Amino acid sequence: MIDGKDILFFIVVFVSNVIQSITGFAGTVLAMPFSLMLVGYNTAKPILNVLGIVVSLGVIGLNHKSLNKKEFIKIIVIMLVGMVVGTFITRQFEVSAGLLYKLLGVIVIIFMCIGVFNSFSEKYRKKKKETNEKTSVLAYIVLVASGIVHGMFICGGPLLVVYASEKLKGRDEFRVTVSAVWVVLNTILLFGDIKAGYFNSKLLILLGICIALLFGALWVGNIIFRHINKKWFMILTYVLMGISGLSLLLK
């Protein structure tokens, strides 16, 4: 029942969830393009969704005190609006999946460039410190866009990180708060996948093996995380966004 493509899928799951445990956002968007080619959309989407929930719960359990409750609630409310739109689009319009993923890849790379500028530009940081700016309209648009993309592909992380990297200051706060967002939003998507009938016997076997792999991925990821300072953590985050964007464009 388990073939060569399934084994390759397990490798993708392990590596992507090591990354997910470090960053709190990048695992699914890195794994999705490869998983689609290996096991197909109807298998990849529900499995990666459940894994996102499990690994995020693990991250929260290790350091739940770092949760920024105010930003968590704000992100959830705004992204839910986008998720409703994203779900509506996938159900009402028949668009080429390849075209949608290429569009997503372009969006990810654009927002990666914006995030790099905002995080590493001395001029931007100085202006931000002097003005003590409030959340801009653009930031809310980014959150809505993140919700739309997450509702369609469970890949809203690269867009959310553009907002979160500004509003969540410490690496623990960033990782835990973003992980908490995925627990809530992915659970909502899980009910939709169950209703759609995705969870057959083969999928459940693959899911069980993948969940077992998560324990090793979480352990490895946290070892790496403890040895990364804030600057290198953000560099890694944006490098991963670039990789995910390119992987979507090349799919």
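K.L.:
Give me the lowdown on empty space enclosed by the protein, citing residues and values where you can.
P.N.:
The final tally for this structure, using the stated rule, is two cavities of 30 Å³ or more. Considering only enclosed or pocket space, the second largest cavity measures out at about 60 Å³ in volume. Among the secondary structure elements, those contributing two or more residues to the lining of the second largest cavity are helix 1 (4–23), helix 2 (26–39) and helix 3 (41–62). Classifying every residue of the lining of the second largest cavity gives three nonpolar, six polar and no charged.

K.L.:
Break down the pattern of salt bridges for me, with residues and values.
P.N.:
Applying the stated rule across the entire model yields three salt bridges. With a shortest N-O distance of 2.8 Å, Lys-45 and Asp-193 are connected by a salt bridge. Residue Lys-45 is found in helix 3, and its partner Asp-193 is found in helix 9 (residues 171–196); the two are separated by 148 residues along the sequence. Here the two residues Lys-45 and Asp-193 agree in accessibility, since each one is buried. Between Lys-74 and Glu-71 there is a salt bridge; the shortest N-O distance is 3.6 Å. Within this pair, Lys-74 and its partner Glu-71 are both found in helix 4 (residues 69–92), separated by three residues, close to a single helical turn. Take Lys-74 and Glu-71: they sit in the same class, and that class is buried.

K.L.:
So what's going on with the layout of surface pockets? Residues and values would help.
P.N.:
As a volume, the largest pocket reaches approximately 430 Å³. If you go around the largest pocket, you meet 18 residues; those closest to its centre are Lys-45, Thr-87, Thr-90, Arg-91 and Gly-192. Counting residues per element, the ones that place at least two in the lining of the largest pocket are helix 3, helix 4, helix 7 (137–153) and helix 9. No other element matches the seven residues that helix 9 contributes to the lining of the largest pocket. When its residues are assigned to classes, the lining of the largest pocket shows 10 nonpolar, four polar and four charged.

Rules behind the numbers
- Residues numbered from 1 in each chain as written.
- Predicted model: local features only at pLDDT ≥ 70, side-chain atom pairs only at ≥ 80, totals over all residues.
- Heavy atoms only, no water.
- 1 Å grid on protein atoms, 1.4 Å probe; cavity = no way out; pocket = protein on both sides within 12 Å on 5 of 7 lines; lining within 4 Å.
- Points joined across faces, edges and corners; volume = space filled by probe spheres on them.
- Helix = DSSP H or I, 4+ residues; strand = E, 2+ residues; numbered from the N terminus.
- Nonpolar A, V, L, I, M, F, W, Y, C, P; charged D, E, K, R; others polar.
- Salt bridge = Lys/Arg side-chain N within 4 Å of Asp/Glu carboxyl O.
- Buried < 20%, exposed > 50% of the residue type's maximum accessible area, 1.4 Å probe, protein only.

Don't take any of this as a statement about function, it's just geometry.
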